[in-house]
Amino acid sequence: MKRQLPLQFDQEKLPAGPNQLEEKKKKTSDVLDSDEPGFTGDPNTWFNDEDFNKQFVGSIDIKAAKDSYFGSYSHYAIHEEMIKDEVRTKSYLVACARNREQIENKIVLDIGCGTGILSIFAAQAGAKHVYGVDNAEIADFAREIVKKNGLEDKITIIKGKMEDVILPVDKVDIIISEWMGYFLLYESMLDTILDARDRYLKPDGIIMPDRACLNIVAIEDAKYKHDRYGFWNDVYGVNMDPVKTFALSEPLVEEVNQGQIISSISKVLDLDLYTIARGELNFASKFKLKITRNNAAFALTAWFDIYFSQLNFPVKFTTSPYSTRTHWKQTTFYLKNEIDAKENGIMTGIIAGSKSMFNHRHIDVKISGVYEDDESNVPFSQMYKLRQSSLIPSYYFIFLDAT
């Protein structure tokens with residue numbers, strides 16, 4: 001049966017032709033055109049970018065950034081979201097404030113310093129001097145923030161790529177950085193931390209944080225999968241199933257409710273930042289998940305835990321759905337076909353993550369395995385790409401063409 005689409009207007013009341021439309025516009029419009037200088041003539045002369053930019057301490061021309069990665073971190077919105085993440089920010093504040101004796105009179109390197117908030121935490125904890133490095137335009141604002149807080153004698157902000165920067169000191173005592181991306185490794189900033197570690201950190205130096213673990217679970221998510229992916233099966237009577245296949249190839253970065261979790265937790269990555277080499281960041285790890293209740297398994301969800309383990313007062317935080325929400329949320333990999341899982345059934349397999357060959361900041365993920373219980377043996381295998389279009393925050397899409 002052919003469906004009839006509802007119309008939200010009365011066709012008989014619409015003007016019949018262009019003359020009637022113009023006549024109606026003259027009768028009903030109460031908008032007055034401007035005759036003020038600066039608001040008439042060529043629209044391209046109404047707004048002056050040079051005058052606009054003069055009100056800021058640094059450049060806000062994000063399109064002029066060297067690439068979309070640094071372009072995105074040139075905008076204040078992403079820093080606002082991170083700073084407002086209390087789990088994240090307070091963990092660094094506590095790590096500095098409660099370990100003053102390890103920071104006092106030390107030289108600190110803050111990599112990807114952004115607004116300079118971690119540099120300020122280190123300076124307030126008694127650091128002898130802090131060098132904050134960032135290649136995004138936000139570095140200009142960080143420099144002014146440091147001055148506003150009277151710390152210019154304690155903090156030096158250096159604008160540039162860490163890999164290219166030459167510090168005015170041979171070695172540092174501490175490296176502090178918030179380098180973690182979605183699915184822990186998205187954006188590949190950890191490579192930069194390890195490069196700086198090998199170049200600048202003293203043999204007995206401290207890395208804050210120094211350990212990171214990645215975990216996965218199985219979840220049920222029938223409604224969301226139907227709304228997000230099943231939608232393409234019938235779009236106003238049109239079958240758009242090919243788009244669904246494309247959509248399923250990108251993991252979803254969004255919050256997962258702990259009530260959706262239907263399995264045990266499996267740790268698939270454990271990084272020690274003191275010892276790991278850059279070439280070891282691509283990984284392929286086995287997992288084993290025990291199903292905890294009868295339910296269809298629609299996806300695997302990942303989160304990470306962060307440790308400041310070498311401090312006198314250790315600090316830890318997690319992005320787990322069992323804990324307070326963070327801006328990292330969780331990363332979910334939907335299966336093409338849900339699995340009818342039973343309590344005590346077992347999902348085993350391998351999850352692999354590697355830098356994309358086309359953009360080293362993106363992550364290619366492959367998941368392959370089998371679900372087994374007394375009655376079932378269901379294999380599954382799927383590949384995914386974690387890239388900018390996978391991310392929910394809308395400001396990311398501003399920067400997709402920033403190169």
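Residues numbered from 1 in each chain as written. Predicted model: local features only at pLDDT ≥ 70, side-chain atom pairs only at ≥ 80, totals over all residues. Heavy atoms only, no water.

Trainee: Even after reading the chapter, I still don't get the overall build of the protein, so can you show me in this structure?
Mentor: Helix and strand content of the protein: eleven helices and 15 strands. Of all intrachain contacts in the protein linking residues separated by at least 6 positions in sequence, the fraction that spans at least 24 positions is 75%. When the accessible surface of the protein is totalled, it reaches about 21700 Å², and 52% of it is carbon and sulfur. (Helix = DSSP H or I, 4+ residues; strand = E, 2+ residues; numbered from the N terminus. Contact = heavy atoms within 4.5 Å. Areas by Shrake-Rupley, 256 points an atom, 1.4 Å probe, with all protein chains shown as cover.)

Trainee: Just checking my understanding: could you explain the pattern of salt bridges for this structure?
Mentor: Where side chains of opposite charge bring their charged atoms close, a pairing between them can arise. As enumerated under the stated definition, the model contains 24 salt bridges in all. Residue Glu254 pairs with Lys329 through a salt bridge whose shortest N-O separation is 3.7 Å. Taken together, the residues Glu254 in strand β7 (residues 252-254) and Lys329 in the loop between β11 (315-318) and β12 (330-341) connect sequence positions 75 residues apart. Judged by its relative accessible area of 21%, Glu254 is partly exposed. Look at Lys329 and you get buried, because its relative accessible area is 9%. Across the pair Asp270 and Lys267 runs a salt bridge, and its minimum N-O distance is 3.5 Å. Its relative accessible area of 40% is what places Asp270 among the partly exposed residues. By relative accessible area, Lys267 is classed as partly exposed at 43%. Members of the salt-bridge network, linked through shared partners, are Asp191, Asp195, Arg199, Arg278 and Lys355. (Salt bridge = Lys/Arg side-chain N within 4 Å of Asp/Glu carboxyl O. Buried < 20%, exposed > 50% of the residue type's maximum accessible area, 1.4 Å probe, protein only.)

Trainee: Sorry if this is basic, but what is going on with the nonpolar core here?
Mentor: Formed by 90 residues in total, the largest nonpolar core has its most connected members in Leu109, Leu167, Phe183, Leu184, Met208 and Met347. With residues near it in sequence (within four places) discarded, Leu109 still touches Tyr131, Val133, Met162, Leu167, Val172, Ile174, Ile175, Ile176 and Ala196. Counting ten residues, the second-largest nonpolar core is a separate cluster that includes Leu252, Val256, Ala299 and Trp303. (Core = buried A, V, L, I, M, F, W, Y, C linked by side-chain atoms within 4.5 Å.)

Trainee: Just to check I follow, could you spell out the pairing of strand β15 (residues 377-386) for this structure?
Mentor: Walk down a regular strand and you will see the side chains alternate between the two sheet faces. By the bridge criterion, ten bridges tie strand β14 (residues 363-372) to β15 in an arrangement that is antiparallel. Bridge assignment links Asp364 to a residue of β15, and that residue is Lys385. (Pairing = 2+ DSSP bridges.)

Trainee: Honestly, the sheet that holds strand β13 (residues 346-355) in this entry has me stumped. Any pointers?
Mentor: Sheet strands pair by backbone hydrogen bonding; their relative direction is either parallel or antiparallel. Ordered in space as β9-β13-β14-β15, the four strands form an open sheet in which the pairing is antiparallel. Edge positions in the sheet fall to β9 (283-290) and β15, since each has one partner strand and no second. Taken over all neighbouring pairs, the strand axes of this sheet differ in orientation by 15° on average, direction set aside. As judged from the ten bridges shared by β13 and β14, these two strands associate in the antiparallel manner. (Axes fitted to C-alpha atoms, helices over the stretch in contact; angles between N-to-C directions.)

Trainee: Help me understand the sheet that holds strand β5 (residues 201-208), please; the structure alone is not making it clear to me.
Mentor: The strand order across the open sheet formed by five strands is β3-β2-β1-β4-β5, and the pairing between neighbours is parallel. The open sheet has two free edges, formed respectively by β3 (155-159) and β5, since each of these has just one partner strand. Here the average twist between neighbouring strands, direction ignored, is 20°. Alignment of strand β4 (residues 172-177) against β5, held across four bridges, turns out to be parallel. In the sheet register, Ile175 faces β5, and the bridge partner there is Ile207. Lying over the sheet, helix α7 (residues 117-124) contacts β1 (107-111), β2 (129-134), β3 and β4, oriented at roughly 175° with respect to β2. The strands touched by helix α8 (residues 138-148) are β2 and β3; relative to β3, the strand with the most contacts, the crossing angle is about 165°.

Trainee: Please clarify how the side chain of His129 should be interpreted in this entry.
Mentor: Counting through the fold element by element, His129 comes out in strand β2. When its relative accessible area of 14% is taken as the criterion, His129 is described as buried. Within the local environment of His129, its side chain forms a polar contact with the side chain of Thr156, the two groups lying 2.7 Å apart. With sequence-adjacent residues up to four places away left out, His129 is seen in contact with Lys106, Ile107, Val108, Asp153, Lys154, Ile155 and Thr156. (Polar contact = N/O pair within 3.5 Å; in protein donor to acceptor, adjacent residues only side chain to side chain.)

Trainee: Can you walk me through the packing of aromatic side chains in this structure?
Mentor: Evaluated as defined, the whole model comprises ten aromatic pairs. Ring plane angle 85° and centroid distance 6.3 Å describe the contact between Trp303 and Tyr322, whose orientation is recorded as edge-to-face. Note that Trp303 is positioned in strand β10 (residues 295-308) and Tyr322 in the loop between β11 and β12, a separation of 19 residues in sequence. Exposure remark for Trp303: the relative accessible area of 4% places this residue in the buried category. Taking the centre distance of 5.3 Å and the plane angle of 75° together, the rings of Phe304 and Trp328 count as edge-to-face. (Phe/Tyr/Trp six-rings, centres within 6.5 Å; stacked < 30°, edge-to-face > 60°.)

Trainee: Please explain the packing of helix α5 (residues 86-97) against α7 as it appears in this structure.
Mentor: In helix packing, the relevant descriptors are the interaxial angle and the interaxial distance, both defined with respect to the helix axes. Two numbers describe how α5 lies on α7: the axes approach to 9 Å, and their chain directions differ by 25°. Taken together, the axes of α5 and α7 are roughly parallel relative to one another. In terms of crossing hand, the pair formed by α5 and α7 is right-handed. For the pair formed by α5 and α7, the contact residues are Thr89, Tyr92, Leu93 and Cys96 on the first element and Leu118, Phe121 and Ala122 on the second. Grouping the amino acids of the contact of α5 with α7 by side-chain chemistry returns six nonpolar, one polar and no charged. (Parallel < 35°, antiparallel > 145°, perpendicular 65-115°, else oblique. Left-handed = near helix turned anticlockwise from the far one by under 90°. Nonpolar A, V, L, I, M, F, W, Y, C, P; charged D, E, K, R; others polar.)

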